[in-house]
Structure formats: C-alpha cells, structure tokens
Amino acid sequence: MSDFRADGHAAVDWAADYLERVRELPVLAQVERGDIRARLPTSPPDRPEPFSAVLRDLDEVLLPGMTHWQHPRFFAYIANTGSPPGILAELLAATLNSVGFLWRTAPASTELEAVTLDWLAQLLGLPSGWHGHIEDTASTSTLAALAAARHVRPDARFVVCSEHTHSSIDKAAALLGLELRKTPADDSFRLRVDELDLTEAAAVVATVGTTSTGSVDPVAAIAERACAEGVWLHVDAAYAGAAMVCPELRWAFEGVEHADSLVVNAHKWLLTPMDCSCLWSRRGDDLRATHSLVPEYLRTPEDAASLADYGPALGRRFRSLKLWAVLRCYGRDGLQAMIREHLRLAELFEGWVRDEPGWTLEAPRPFSIVCFRREGSDDENEALLARANATGELFISHTKLNGRYVLRLAIGNAGTTEDDVRRAWEVLRECAR
Ligand code: PLP
C-alpha cells in the first residue's frame, strides 16, 4: 500500500503538471504512423516493473504520440474537456471498481446514476419523470434507443434522418438491419420537414447540434409528424444538448418534450472525461422490454430494476460518479459560464472571418462551431488545413457542405481563452499567405 500511496502521489503530480503544461505541447501529434510502436518492446516483461517505469515511458515514449484533446487550442471535431473534478472521480471510480449489472452489485452506483441524470434533466430543462441512464458513447445510446423503436414497431423497415445526421445513426441502423432514409436539408443544414417521409419508419432522428455545423433540426415539427404517424422520435443532442443549461439557448429544444428518447454526451461539452453518454427516454418500459434479458445466475429476490436492462452492456462502470462530481463542483453557474464564454469566443472568431477579405463564412452558427473557407479551391483549403495543423499550434478539422471542402473551428475546451482563438486566427492567416 505504501507503493500505491507514493505512486498515486506521483501519478496525481503527473496529471497536475500535464494540465499546467499541455498548452506548450503541439496540439496534433507530430509523429508518423508506427513511430510509437517502434519504440515499444514487442513482448511483455517477465519480471514485475515499478509503476515509476510506466510513468517514465508515458513521458518519454507515449506523450510525443498524443494528440492533446486537453489543449486549449484543440478546435477539431467536437472539442471537449476532462475537468479536474471529473479526472479525480475517474480515479475513485476505478478504485471502487464497481460492476453495476444488478442493483445489489452496485446499489450506490445504480441510485446515484438515477439521481445524477435527474439533476442533469433539470439543468437542461427536460420534462420530469423520464428514465435516464448512462451509456459509454452516443453511438451506443442511439443504438439502444433505435433498438427499442424497432422492438415496438417490428414490421417497420426504416430509420429516417437528415443528410447531416451523424454517422452513428447510419451505423445503428445497419446493426439493427434497418434501412436509412436520408431527408434533404435546407440552406441552414436543417432537416426539411416538407420532405419528410415516414412511411414504414421505425424511428425518425432529429439532431440538435449537428457535427458539421451545429445546425438544429425543427424538433417540434418533426415531433408532430412522428406523433401523428406513430413513429419513435430520437433526438441526438450529443454535442449541443449541454448548452441547454442556458435558458436563452432552449429555443433549440423546442418540441423535445415529445421525444421518445434523447441523447446528450457529458463527455463532449459538459466537462466530464471520456466516456459518459446520457440517454433519457419517455418510454423507459419499452427500452427495458427491448434490452432486458435475465439469465438464471442473475436472478435476485429484489424487485429492483437493473440499469443493464436498458441497454446492450451487462457490466457497467461507475460513470455517474464523475458526472456527479462535475455537476457539484461547477454547479449550474459554472456550466452556464463556460457555455456562454465558448459562444462569445465563437462569435468573435466568426466576426474576424466575416471582416477579412478573402475568407468566407460557410454556415450559420447556432453554437460554438464556425464553418469557414479561404478563397480558392478545395485542394488549397485542404492544404491550408494541413499546414496550420502541422504548426502544432492549433488543431482544426473539416467537413463538406454543398459538396465543398469547409474548415471548422469548434470551441469546447474549458481552458480556451480569447488569446487562444486569436492565435488560431493568426496562424491560419499566416498559413494562407
Ligand atoms: N452525434 C453527434 C451529433 C456527434 O457530434 C457525435 C460525435 O461527435 C456523435 C453523435 C457520436 O458520439 P460518440 O463518439 O459518443 O459515439
């Protein structure tokens, strides 16, 4: 145990040092494929090594091969934050090593998960009484929800969504043996309800905060159609759902009260380290009927629902501990402050692009993703992105809109300051020259 204590102090020191110096490291790993593997032994050690050897190799071998998601100038994909309370709670969850497949194997974890999801539902302005539980990722949450949709409408063949829906919907539909019907989007990249065809549909998916642009599908209008035609409505708010902690942004959730299921990733814009995806359903009984399968060895005298009955996985980590820690240590005020600051920074960057000759904005910006281009061809923009990322000073990614290559700057790291966003803009302009 003395080793554990000493090694633990060293590991926490390592973590604290890392968070202090991450800003000085290149955001995107500047290595070639195979570089890291070549530096690792090809076979495991025969004799035990001290934990200090692991920490040493973390520094010397692995760190150069890390793309630093905790870097304040990580602006690619959907930027996120593993916050200090979340990191420490992960350590504690691993220490407890709870496996929550039954209430009796993890009473505290099972009940804290319910309480935490109720708290988060209140923070996001969701209706009370929905069943909430945690899955690893939005991909799994969506799979669990669409499986329930298929369960209640076994003869249906389709999942309907917009052309800007995340690929996790395509994957879930494929895994469930359902076909995907993609609905065209309008000029602002929102699903066109006048084009919505729900014939033989098991489910329709509306996205609040698409991955490419952050666009918001008209949930209320989609809900009306889904309700009239008896089709399950799943809302994918994996990214932007967290922003609903700010009442002024709740316009984006109009109609969500009619959803049959809703996913919000705490590991995206809610300060919780990977992984923590929150799935609520108004139809918890259907979710349970779909996923519950109790073999003899798991039968218990208690009549308490196990959260494993609501999704594909049996063994469940104590994920609610980190989300609970985040909600307690930031509070509503802290969460709102971060979201509002990110929106302010995104608006600032958007203004710089708008005012600079030779650059264009490529999509409306509901949240913290700015889509833009430098004048020139797709290849020139792609080369610009590669040059900017090769500086190690920032990391941005791209998408395609209306068939054209578009650069994206996504703000989502709690450490990002105005200076970071300004520096990103300087680097992009330097690289464009
Ligand atoms: N839905 C949206 C809108 C997303 O942006 C993403 C990922 O970026 C996902 C779903 C998938 O999330 P996960 O990686 O948790 O499966």
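Residues numbered from 1 in each chain as written. Predicted model: local features only at pLDDT ≥ 70, side-chain atom pairs only at ≥ 80, totals over all residues. Heavy atoms only, no water.

Participant: Help me understand the sheet that holds strand β8 (residues 359–361), please; the structure alone is not making it clear to me.
Facilitator: Sheet strands pair by backbone hydrogen bonding; their relative direction is either parallel or antiparallel. Strand order in the open sheet made by the four strands is β8-β9-β11-β10, with antiparallel pairing throughout. Strands with a single pairing partner mark the edges of an open sheet, and in this sheet they are β8 and β10 (397–401). Averaged over all pairs of adjacent strands, the angle between strand axes in this sheet comes to 40°, irrespective of strand direction. Across five bridges, β10 lies against strand β11 (residues 404–410) in antiparallel orientation. When the bridges of β11 are listed, H398 appears paired with L407. Contacting β8, β9 (369–374) and β11, helix α13 (residues 418–432) runs over the sheet at an angle of about 130° to β8. (Pairing = 2+ DSSP bridges. Helix = DSSP H or I, 4+ residues; strand = E, 2+ residues; numbered from the N terminus. Axes fitted to C-alpha atoms, helices over the stretch in contact; angles between N-to-C directions. Contact = heavy atoms within 4.5 Å.)

Participant: What is the right way to look at the sheet that holds strand β5 (residues 232–236) in this model?
Facilitator: Overall, mixed pairing links the seven strands, which are arranged β1-β7-β6-β5-β4-β2-β3 in an open sheet. One side of each edge strand has no neighbouring strand; the edge strands of this open sheet are β1 (131–135) and β3 (179–183). Direction aside, the axes of adjacent strands within the sheet are offset by 20° on average. In terms of strand pairing, β1 meets strand β7 (residues 277–281) through five bridges, oriented antiparallel. Within the sheet, the bridge partner assigned to H131 lies in β7 and is S281. Of the strands in this sheet, β1 and β7 touch helix α5 (residues 107–123), which is tilted by about 80° from β7. Running over the sheet, helix α6 (residues 138–152) touches β1, β2 (158–162), β4 (201–207), β5, β6 (261–265) and β7 and is turned about 175° from β5.

Participant: Looking at this model, I keep getting lost on the nonpolar core. Mind explaining?
Facilitator: Side chains of nonpolar character tend, in soluble globular proteins, to be buried together. Formed by 64 residues in total, the largest nonpolar core has its most connected members in V208, L233, L262, W280 and I339. Element by element, the count of residues in this core is highest for helix α11 (residues 320–355), at seven residues. Ranked by size, the runner-up nonpolar core spans 24 residues in total, among them V353, V370, L394 and C431. (Core = buried A, V, L, I, M, F, W, Y, C linked by side-chain atoms within 4.5 Å. Buried < 20%, exposed > 50% of the residue type's maximum accessible area, 1.4 Å probe, protein only.)

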